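# Close look at the chain arrangement
One-letter residues, chain by chain:
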Amino acid sequence: MTKLVTIYGGAGFVGRYIARRMAKEGWRVRVAVRRPNESLHVKPYGAVGQVEPIFCNIRDDVSVRAAMQGADAVVNCVGVLTQRGRNSFAAVQAEGAERVARIASEEGIGRLVHISAIGADAQAASEYARTKALGEEGVLKAFPKAVILRPSVMFGSEDDFFNRFANMAAKTPFVLPIVGGETKFQPVYVDDVARAAVKGTLEDIEPGIYELGGPDVATLRELMQEMLHEIRRKRLLVNLPFWVGHIMGAMFGLAQVATGGLFHNSVLTRDQVRNLRVDNIVSDDAKTFADLDITPTNMGAVLPDYLWIYRPTGQFEAIRESAKGLRSH
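Notes on the structure follow.

Rules of the game
Sequence order as written defines residue numbering, which begins from 1 separately in each chain. For this predicted model, a pLDDT threshold of at least 70 governs which residues receive local features, and a threshold of 80 or more governs which side-chain atom pairs are given and counted, while totals over whole chains, interfaces and linings are taken from all residues. To get the side-chain values, all heavy atoms of the structure are used, and hydrogens and water are removed first. Strand pairing is assigned whenever DSSP identifies at least 2 bridges connecting the two strands. Labels follow the DSSP assignment, with helices taken as runs of H or I lasting at least four residues and strands as runs of E lasting at least two, numbered in each case from the N terminus. Axis lines are fitted to C-alpha atoms, over the contacting stretch for helices. Their N-to-C directions set the angle, which ranges from 0 to 180 degrees. Here a residue-residue contact requires only that any non-hydrogen atoms of the pair lie within 4.5 Å. In this scheme Phe, Tyr and Trp rings, the latter by its six-membered ring, pair at centre separations within 6.5 Å, and the angle between planes marks the pair as stacked below 30 degrees, edge-to-face above 60, and tilted otherwise. Whether a residue is buried, partly exposed or exposed follows from its accessible area with a 1.4 Å probe, protein chains only, as a fraction of its type maximum: under 20%, in between, or over 50%, in that order. One side-chain nitrogen of Lys or Arg within 4 Å of one carboxyl oxygen of Asp or Glu is enough to make a salt bridge. If an angle is under 35 degrees, it is roughly parallel; if it is over 145, roughly antiparallel; if it lies from 65 to 115, roughly perpendicular; otherwise it is oblique. Three classes are used: nonpolar for Ala, Val, Leu, Ile, Met, Phe, Trp, Tyr, Cys and Pro, charged for Asp, Glu, Lys and Arg, and polar for all others, with Gly counted as polar. In this description, a nonpolar core means a group of buried Ala, Val, Leu, Ile, Met, Phe, Trp, Tyr and Cys residues linked to one another through side-chain atoms lying within 4.5 Å. In a helix, the anticipated span is given by 1.5 Å times the number of residues less one. Orient the strands so they point away from the viewer; a crossover is then right-handed if the path from the first strand over the helix to the second runs clockwise. Pairing of N or O atoms within 3.5 Å defines a polar contact, subject to two protein rules: one partner must be a possible hydrogen donor and the other a possible acceptor, and residues neighboring in sequence count only if both atoms are side-chain atoms.

## Things to note about the sheet that holds strand β2 (residues 28-33)
Spatially, β3-β2-β1-β4-β5-β6-β11 is the arrangement adopted by the 7 strands of the open sheet, whose pairing is parallel. Of all strands in the sheet, those with a lone pairing partner are β3 (51-55) and β11 (208-212), marking the two edges. If you compare each strand with its neighbour and ignore which way they point, the axes differ by 20 degrees on average. Bridging between strand β1 (residues 4-8) and strand β4 (residues 73-76) involves 4 bridges; their strand directions are parallel. Of the residues in β4, the one forming a bridge with Y8 is N76. Most of the contacts of helix α4 (residues 127-142) go to strand β6 (residues 147-151), to which it runs at about 165 degrees, and overall it touches β5 (111-115), β6 and β11.

## Quick notes on the packing of aromatic side chains
Scanning all chains against the criterion turns up 8 aromatic pairs. Ring centres of F155 and F162 lie 6.4 Å apart, and the angle between their planes is 75 degrees; this geometry places the pair in the edge-to-face category. Accessibility classification places F155 together with F162 in one group, the buried group. Here the aromatic rings of F161 and F162 are separated by 4.9 Å at their centres, their planes lie at 75 degrees, and the arrangement is edge-to-face.

## A short note on the pattern of salt bridges
Across all of its chains, the model carries 17 salt bridges by this definition. The closest approach of N and O atoms between D192 and R195, which form a salt bridge, is 3.1 Å. Highlighted residues: D192 and R195, both in helix α6 (residues 190-202), separated by 3 residues, approximately one helical turn. Accessibility expressed as a relative area gives 2% for D192, which makes it buried.

## Re the packing of helix α3 (residues 89-106) against α4
In the contact formed by α3 and α4, the axes pass within 8 Å of each other and the chain directions differ by 10 degrees. As far as their axial angle goes, α4 and α3 are roughly parallel. Contact with α3, carried on its side by F89, A90, Q93, A94, A97, E98, A101, R102 and S105, involves E127, Y128, T131, K132, L134, G135, G138, V139 and A142 of α4 and no other residues of that element. The class makeup of the residues in the contact of α3 with α4 is 9 nonpolar, 5 polar and 4 charged.

## What to know about the nonpolar core
I18, V29, L149, F162, M224, M227 and L307 are the most contacted members of the largest nonpolar core, which has 67 residues in total. Formed by 27 residues, the second largest nonpolar core is a distinct cluster that contains L4, M68, A71 and V100.

## As for the side chain of N57
Relative to the elements of secondary structure, N57 occurs in the loop between β3 and α2 (61-68). N57 sits in the buried class, given a relative accessible area of 17%.

## Focus on helix α7 (residues 220-231)
Relative to the 16 Å expected for 12 residues at 1.5 Å per residue, α7 spans 17 Å between its end C-alpha atoms, a close match to the ideal helical length. The inward-facing, buried residues of α7 contact α5 (162-171), β8 (175-179), β9 (184-185), β12 (218-219), β13 (236-240) and α10 (303-307). Among the residues trailing α7, R232 stands out with phi positive, at a value near 60 degrees.

## Here we look at unusual backbone geometry
Of note in this structure, F174 is not a glycine but carries a positive phi near 70 degrees. Within the element layout of this structure, F174 appears in the loop between α5 and β8. Phi is positive for R232, close to 60 degrees, though the residue is something other than glycine. Along the chain, the position of R232 falls in the loop between α7 and β13. Among the residues examined, R232 registers a relative accessible area of 30% and is labelled partly exposed.

## Some remarks on the pairing of β11
Residues in a regular strand point their side chains to alternate faces of the sheet. Of all 5 residues making up β11, 4 are buried, and the element is well covered by its neighbours. Two strands pair when backbone bridges link them, and β6 and β11 are joined in this way by 5 bridges, in the parallel orientation. By the bridge assignment, P151 is partnered in β11 with L212.

## Let's talk about the pairing of β5
Of all 5 residues in β5, 4 are buried, a share of seventy percent or more. Here β4 runs beside β5; their pairing, made up of 4 bridges, is parallel. Along β5, the bridge assignment pairs A73 with R111. What joins β4 to β5 is α3, and the crossover it makes is right-handed.

## Quick look at the environment of K43
Structurally, K43 can be placed in the loop between β2 and β3. Taking the C-alpha atoms as reference points, K43 and A11, 32 residues apart in sequence, are found 9.9 Å from one another. Those residues in contact with K43, other than ones at most four positions away along the chain, are V51, E52 and P53. Engagement of the side chain of K43 in a polar contact is seen with the side chain of E52, the distance being 2.9 Å.

Listed below in structure tokens is the structure:
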């Protein structure tokens with residue numbers, strides 16, 4: 001009988017890549033999301049009926065348990081970058097993660113893979129990082145044989161990192177402001193994280209925490225310079241002091257409160273500024289891609305495939321550049 005995997009958050013950025021790979025492995029894939037009708041893009045990942053989005057609220061025991069019925073393995077990809085309404089960091093990344101692991105243990109699930117993040121630290125100044133650590137603690141307490149993956153910032157065609165800054169650069173002339181320009185990152189291709197999650201689901205790998213970073217370590221300023229090169233735009237990179245970032249985050253936060261949530265602050269929060277003070281790279285003593293026998297993908301092999309839309313003439317920019325070399329006769 002074909003095996004079944006439940007992927008919580010399986011229609012999101014990393015979840016959809018995991019769902020696609022699990023379908024290719026021949027598994028039935030149950031994609032547990034809050035809005036199934038907005039997640040129909042996952043259905044073509046497999047044969048008819050192989051990949052199905054279903055409703056699930058990770059804040060509710062009954063909902064989580066129902067989505068897990070009959071599953072052989074579980075992957076939890078649910079996380080939030082900013083808080084909104086009841087979907088707080090604590091409710092989703094700490095309590096929600098523990099809930100999935102606890103119910104998986106109660107239901108006798110064979111494998112559990114949990115997606116966390118580099119920088120997870122119970123003592124961190126950032127609430128995002130603290131709740132990621134609390135979530136890991138809850139997962140390991142309930143399901144000691146879980147595989148926990150901590151990726152650095154992920155890139156790919158649907159990312160909210162390079163796409164966000166490229167969009168800002170395309171719409172804002174002359175200057176591109178950033179906060180934490182000297183903070184180091186180790187961007188990782190989202191499909192490499194999906195490969196690691198699939199290995200954790202299919203293979204008998206050692207349980208525990210794996211930190212996943214790409215082959216390139218660079219400061220935020222250097223990453224923005226690489227992005228600007230890819231989109232063929234010249235902008236002055238202005239590295240704002242952290243105190244300015246805190247003021248901006250506070251103002252955007254007040255705007256969200258004042259509008260009753262009609263304006264959702266996805267620009268910059270004070271918690272993100274706190275997080276930007278800490279390097280986002282793989283620890284020296286961590287288990288990594290090497291322990292999973294995976295070679296991570298270089299940024300240069302992927303960024304041109306989706307950042308071209310932000311170039312001045314889009315897909316025609318390469319033609320224009322080549323035409324400059326032609327001699328007139």
